[in-house]
Amino acid sequence: MPTPSEVPEDRSAVRTLLRLWPYVRPVRLRLFTAAFVAAVASCVGLVIPLVLKWLVDGPVADRDPAGVWLGALYLLLLGIAEAVLFGIRRWLVARPLSRVEADMRADLYRHLQRLPVAFHDRWASGQLLSRGTTDLMLVRLFLAFPLTFLLVNGVTILVGVIIMLLQDWTLGLVILGPGIPVMVMCAVFERRYARITRRAQDQVGDLTTVVEESVLGIRIIKGFGRHRSQARAFRELSETLRGTELAKARLLASIWAVIVTLPELAIGAALVLGTVQVADGHLSAGTLVAFLSTALALRWPVDSIGFLLAMSQEAATATERYFEVMDEQPESAVDRPDGRARPAASRHRPTESKDGGLRFHGVRFRYPDAPSGSPPVLDRIDLHIRPGETMALVGATGSGKTTLTALIPRLYEVTSGRITLDGVDVRAMSREELRSHVAVAFEEPTLFSTTVGDNVLMGAPATAGEQELERALAIAQADFAHALPQGTRTQVGEQGLSLSGGQRQRLALARAVVGSPRFLVLDDPLSALDVHTEAAVEAALRRVLDGTTALVVAHRPSTVLLADRVALLSGGRIAAVGTHQELLHTNAEYAHLMSGDAGDAEDAEYADLMSGDAEDSEEAR
Ligand SMILES: Nc1ncnc2c1ncn2[C@@H]1O[C@H](COP(=O)(O)OP(=O)(O)OP(=O)(O)O)[C@@H](O)[C@H]1O
Ligand SMILES: [Mg+2]
């Protein structure tokens with residue numbers, strides 16, 4: 001499971017948080033300086049009780065107004081010094097920490113781009129989104145406050161306790177009394193809180209996924225009148241999250257009650273005991289005042305520990321969730337050691353031998369997340385597309401055509417067997433090299449939020465310009481682009497103009513052909529076009545396909561006619577290869593698949609052929 005909701009028992013928050021070190025390293029100097037300044041500021045606060053003691057036992061006892069004014073001035077100066085020091089701390093940490101957050105976010109994004117498609121199949125996008133936003137914010141907050149203040153408060157408490165013990169060690173021991181139960185409680189609290197924060201943060205991820213899906217699917221939700229049930233599903237999830245947050249708050253409240261009450265009781269006890277001692281003359285009034293104000297000055301450092309621990313736990317969980325993604329293996333550039341050893345020259349030499357073109361050798365593939373025991377989607381695929389040849393790939397829906405095409409640019413890795421381009425295993429090339437040779441147009445034409453021109457030129461090397469763009473638009477019959485409000489500079493995609501399905505498909509096709517790739521893979525590229533546009537695209541494509549080795553997934557006879565030969569994918573295997581005419585007459589399944597399109601004159605001929613063939617296939621089964 002990518003999102004384990006249970007924290008392993010042996011998880012150590014400290015060990016997890018230490019993983020942040022590489023990011024914190026560049027700002028360590030500022031961070032430590034800031035912590036030091038804060039510690040000094042905090043200890044300045046502890047001098048105030050000592051001034052009070054001097055004030056009570058000296059000028060106040062002697063009824064000396066000038067001395068009292070002087071004491072008040074000291075107190076004021078100390079207060080100002082404390083405030084200024086804390087201000088400096090804030091100034092020191094704010095900028096570098098936003099840098100840390102931005103760096104971590106950039107790293108996460110870069111990593112997400114490099115993770116294989118199989119990873120993205122497995123992970124909900126909301127989970128990734130929440131890691132890049134909420135979790136990183138928690139990490140920054142941790143570095144800004146808890147990290148510093150756990151340290152600062154620790155030092156302050158230590159110094160304060162030493163001062164108190166020096167004033168009067170019996171009273172000091174009374175104050176220290178609750179220390180051990182508080183520490184035990186904190187340890188118990190930590191473990192429980194870790195579990196519950198993990199749950200809460202995972203639920204934030206789930207909630208983000210629902211929001212994202214319903215925004216993307218708004219047309220379907222409205223079209224089917226599902227907004228109520230969608231809202232209900234959302235409310236349920238957000239209620240669950242609220243429940244978890246409330247449980248968190250309850251847990252925090254209970255630890256806070258302990259942390260606040262026990263020291264308060266101890267201070268009360270010390271007050272009673274101290275007053276008795278002053279009455280007996282064993283203790284000066286000034287010492288008692290100093291002692292109690294030190295104890296009171298330590299109240300905030302002690303009280304805040306509950307919050308600080310809670311925030312640290314949340315940050316540890318956030319760090320854990322962040323590194324769950326960062327620890328995933330990105331796709332490796334080259335898989336085979338022999339590939340790297342191969343001299344570059346021999347890699348590029350186009351071989352006119354039997355290995356030229358695009359070739360599948362005994363390829364077997366199953367999706368990494370497919371249930372174990374299920375049959376592979378593709379099995380023992382042997383297919384040879386000769387240099388310059390166009391091969392159509394035909395098969396029933398769900399037969400694995402898209403899967404097969406995705407293996408060529410290595411969006412997925414073959415389970416076994418190999419795929420070669422002009423005799424070179426695709427795994428022996430760097431991904432950049434491979435993708436410069438192969439261009440793809442997918443079934444689902446995706447446009448990004450940028451101009452039409454940029455969307456198309458994405459498929460070309462950086463040097464490509466206006467000329468290549470025009471040529472590609474012409475091939476894909478995407479001249480409509482010139483009629484858009486700002487021509488090819490019109491913004492499209494989610495933040496721009498919405499295009500029709502067929503328009504998007506033609507831009508995706510233009511993107512595939514713009515780089516004049518040696519190998520072209522088209523997954524049903526003309527499905528959304530009307531007959532006339534399709535014919536025009538085909539005529540233009542035929543010229544491009546002349547010099548290109550191409551694999552074209554086709555559902556319609558008209559698309560198939562673009563190809564020199566046709567391969568039929570059935571039952572995870574290439575069942576037949578031949579020309580359209582050959583397969584029509586020899587293969588019942590092919591004739592059946594192609595017979596849906598009744599508008600074609602040729603089709604009338606195989607209407608009767610079909611009925612006979614259908615019986616054949618019944619027998620074959
Ligand atoms: N990411 C995935 N993870 C697991 N299984 C998948 C994944 N994508 C597709 N499949 C499964 O692989 C099989 C083949 O799917 P594929 O998309 O390759 O079919 P297709 O031939 O392209 O179909 P169509 O003609 O409808 O486009 C299907 O049974 C599908 O459920
Ligand atoms: Mg498909």
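Below is a summary of the structure that appears in this document. Note that this is a predicted model, so its numbers are computed, not measured. (Residues numbered from 1 in each chain as written. Chains lettered and ligands numbered in written order. Predicted model: local features only at pLDDT ≥ 70, side-chain atom pairs only at ≥ 80, totals over all residues. Heavy atoms only, no water.)

Considering the overall build of the chain
Next, step 1: Each helix and strand in the chain was counted, giving 26 helices and ten strands.
Next, step 2: The principal-axis extent of the C-alpha atoms belonging to the chain is close to 120 × 55 × 55 Å.
Next, step 3: Here the chain holds 621 residues, and 45% of them are scored as buried.
Next, step 4: Considering only contacts within the chain whose residues lie at least 6 apart along the sequence, 77% involve residues at least 24 apart.
Next, step 5: For the chain, the computed accessible surface area is about 31,200 Å², with 61% contributed by carbon and sulfur atoms.
Next, step 6: Here the chain contributes 63 positive and 71 negative side-chain charges, whose respective centroids are spaced 6 Å apart. (Helix = DSSP H or I, 4+ residues; strand = E, 2+ residues; numbered from the N terminus. Buried < 20%, exposed > 50% of the residue type's maximum accessible area, 1.4 Å probe, protein only. Contact = heavy atoms within 4.5 Å. Areas by Shrake-Rupley, 256 points an atom, 1.4 Å probe, with all protein chains shown as cover. Lys, Arg positive; Asp, Glu negative; His and termini not counted. Charge placed at Lys NZ, Arg CZ, Asp CG, Glu CD.)

Topic: the pattern of salt bridges
Next, step 1: Summed over the entire model, instances satisfying the criterion amount to 24 salt bridges.
Next, step 2: When the shortest N-O distance is used, the salt bridge between Arg 122 and Glu 328 registers 3.3 Å. A residue pair is termed long-range when its members are at least 10 positions apart, and Arg 122 in helix 5 (residues 117-122) and Glu 328 in the loop between helix 13 (299-326) and helix 14 (337-341) qualify at 206 residues.
Next, step 3: Taking the relative accessible area as the measure of exposure, Glu 328 reaches 23% and is therefore partly exposed. (Salt bridge = Lys/Arg side-chain N within 4 Å of Asp/Glu carboxyl O.)

Topic: the packing of helix 3 (residues 28-62) against helix 7 (residues 146-167)
Next, step 1: Between helix 3 and helix 7, the least distance of the axes is 9 Å, while the angle of their chain directions is 25°. Taken together, the axes of helix 3 and helix 7 lie roughly parallel to each other. In terms of crossing hand, the pair formed by helix 3 and helix 7 is right-handed. Side by side, helix 3 and helix 7 meet where Leu 31, Ala 35, Ala 38, Ala 39, Ser 42, Cys 43, Leu 46, Leu 50 and Lys 53 of the first sit next to Leu 147, Thr 148, Leu 151, Val 152, Val 155, Thr 156, Val 159, Gly 160, Ile 163 and Gln 167 of the second.
Next, step 2: Among the residues forming the contact of helix 3 with helix 7, the class breakdown is 13 nonpolar, five polar and one charged. (Axes fitted to C-alpha atoms, helices over the stretch in contact; angles between N-to-C directions. Parallel < 35°, antiparallel > 145°, perpendicular 65-115°, else oblique. Left-handed = near helix turned anticlockwise from the far one by under 90°. Nonpolar A, V, L, I, M, F, W, Y, C, P; charged D, E, K, R; others polar.)

Comments concerning the site of ligand 1
Next, step 1: As a structural note, the neighbourhood of ligand 1 is formed by 15 residues, with Thr 397, Lys 401, Thr 402, Thr 403 and Glu 443 the closest of them.
Next, step 2: Backbone polar atom of Ser 399 to an oxygen atom of ligand 1: 3.2 Å apart, as the coordinates give it.
Next, step 3: One of the backbone N or O atoms of Gly 400 is found 2.9 Å from an oxygen atom in ligand 1.
Next, step 4: A total of 630 Å² of accessible area belongs to ligand 1 in isolation, and the protein chains cover 64% of it.
Next, step 5: Of the residues forming the shell around ligand 1, the biggest block, three residues, is contributed by helix 16 (residues 401-407).
Next, step 6: Looking at side-chain class alone, the shell around ligand 1 contains four nonpolar, seven polar and four charged residues. (Near = heavy atom within 4 Å. Polar contact = N/O pair within 3.5 Å; in protein donor to acceptor, adjacent residues only side chain to side chain.)

A word on unusual backbone geometry
Next, step 1: Of note, Arg 380 is a non-glycine position whose phi angle comes to about 45°, a positive value.
Next, step 2: Tracing the chain through its elements places Arg 380 in strand 2 (residues 378-385).
Next, step 3: A positive phi is found at Gln 477, a non-glycine position, where the angle reads about 55°.
Next, step 4: Overall, Gln 477 belongs to the partly exposed group, its relative accessible area being 24%.

Notes on the environment of Val 51
Next, step 1: With respect to the helices and strands, the residue Val 51 is situated in helix 3.
Next, step 2: Of the residues examined, Val 51 reaches a relative accessible area of 11% and is grouped as buried.
Next, step 3: Between the C-alpha atom of Val 51 and that of Tyr 74, which follows or precedes it by 23 residues, the distance is 7.6 Å.

Quick notes on a nonpolar patch on the surface
Next, step 1: A surface patch of nonpolar side chains, about 990 Å² in accessible area, is lined by Trp 54, Leu 70, Leu 73, Tyr 74, Leu 76, Leu 77, Ile 80, Val 84, Ile 88 and Trp 91.
Next, step 2: No other element matches the nine residues that helix 4 (residues 65-114) contributes to the nonpolar patch.
Next, step 3: For Ile 88, the location among the structural elements is in helix 4.
Next, step 4: Ile 88 sits in the partly exposed class, given a relative accessible area of 36%. (Patch = residues over 30% accessible without salt bridge, like charges linked within 9 Å, V, L, I, M, F, W, Y side chains within 5 Å.)

Looking at the coordination of the magnesium ion (ligand 2)
Put simply, a metal with four donors set out as a tetrahedron has ideal angles of 109.5 degrees, and one with six donors set out as an octahedron has ideal angles of 90 or 180 degrees.
Next, step 1: Distances from the magnesium ion (ligand 2) to its protein donors, Thr 402 (OG1), Glu 443 (OE) and Glu 443 (OE), fall at 1.9 to 2.7 Å. With Thr 402 in helix 16 and Glu 443 in the loop between strand 6 (438-441) and helix 18 (452-457), this pair connects stretches of sequence that are 41 residues apart.
Next, step 2: Exposure remark for Glu 443: the relative accessible area of 40% places this residue in the partly exposed category. (Donors = N, O, S within 2.8 Å, 3.2 Å for Na, K, Ca; no water.)

Things to note about the nonpolar core
Next, step 1: Val 456, Leu 473, Leu 507, Leu 520, Leu 522 and Leu 541 are the most contacted members of the largest nonpolar core, which has 36 residues in total.
Next, step 2: Elements represented by at least two residues in this core include exactly strand 6, helix 18, helix 19 (466-475), helix 20 (480-483), helix 21 (501-513), strand 7 (519-523), helix 22 (531-546) and strand 8 (549-553).
Next, step 3: Beyond its immediate stretch of four places on either side in the chain, Leu 522 contacts Ala 441, Leu 509, Ala 512, Leu 541, Leu 551, Val 552 and Val 553.
Next, step 4: Within the second largest apolar cluster, 33 residues are counted, among which are Ala 13, Tyr 23, Trp 123 and Val 139. (Core = buried A, V, L, I, M, F, W, Y, C linked by side-chain atoms within 4.5 Å.)

A closer look at the sheet that holds strand 6
Next, step 1: Reading across the sheet, the six strands line up as 6-7-8-3-9-10 and stay open at both edges, with mixed pairing between neighbours. Only two strands of the sheet have a single neighbouring strand rather than two, namely strand 6 and strand 10 (573-578). Averaged over all neighbouring strand pairs, the angle between strand axes comes to 20°, with direction disregarded.
Next, step 2: Sheet analysis places strand 7 next to strand 8, joined by five bridges and oriented parallel. (Pairing = 2+ DSSP bridges.)

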